[in-house]
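# Examination of the molecular architecture
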Amino acid sequence: MREALLMNLKGFSASQLKQTIDDGIASKEETILVGLGVLFEEYYNSLDASSQMQFLQSLSKLL
């Protein structure tokens with residue numbers, strides 16, 4: 001599933017990705033959470049340890 005999602009989004013511009021994410025969130029379908037989780041994982045894993053901590057601190061402020 002991860003690979004399929006990433007292949008479907010490969011080559012998307014920032015504006016195309018934003019539209020896809022916005023549409024998914026607006027749909028209120030729980031299945032979009034899986035896709036957003038894959039993007040979250042890819043982004044988180046791309047960060048160095050310091051950036052991960054900053055990201056986690058930002059997230060913790062939302063809770």
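Provided above is the structure to which this section pertains.
Just so you know, these numbers come straight off a predicted model, no measurement behind them.

### A word on the overall build of the protein
Scanning the protein from N- to C-terminus turns up four helices and zero strands. Tracing the protein from N to C terminus, the helices and strands come up as α-α-α-α. When the backbone C-alpha atoms are referred to their principal axes, the protein occupies close to 30 × 25 × 25 Å. Total accessible area on the protein is roughly 5200 Å²; 59% of this is exposed by carbon and sulfur atoms.

### Notes on the packing of aromatic side chains
Taken as a whole and assessed by the stated rule, the structure comprises four aromatic pairs. Centre to centre, the rings of F40 and Y44 are 6.2 Å apart; their planes meet at 5 degrees, and the pair counts as stacked. In this pair, F40 and Y44 both sit in helix α3 (residues 31-46), four residues apart, roughly one turn of the helix. Owing to a relative accessible area of 39%, F40 belongs among the partly exposed residues under this scheme. Residue class for Y44 comes out partly exposed when judged on its relative accessible area of 23%. An angle of 45 degrees between the planes, with centres 5.5 Å apart, marks the rings of F40 and F55 as tilted. A residue pair is termed long-range when its members are at least 10 positions apart, and F40 in helix α3 and F55 in helix α4 (residues 49-62) qualify at 15 residues.

Cut-offs used in this document
Residues numbered from 1 in each chain as written. Predicted model: local features only at pLDDT ≥ 70, side-chain atom pairs only at ≥ 80, totals over all residues. Heavy atoms only, no water. Helix = DSSP H or I, 4+ residues; strand = E, 2+ residues; numbered from the N terminus. Areas by Shrake-Rupley, 256 points an atom, 1.4 Å probe, with all protein chains shown as cover. Phe/Tyr/Trp six-rings, centres within 6.5 Å; stacked < 30°, edge-to-face > 60°. Buried < 20%, exposed > 50% of the residue type's maximum accessible area, 1.4 Å probe, protein only.

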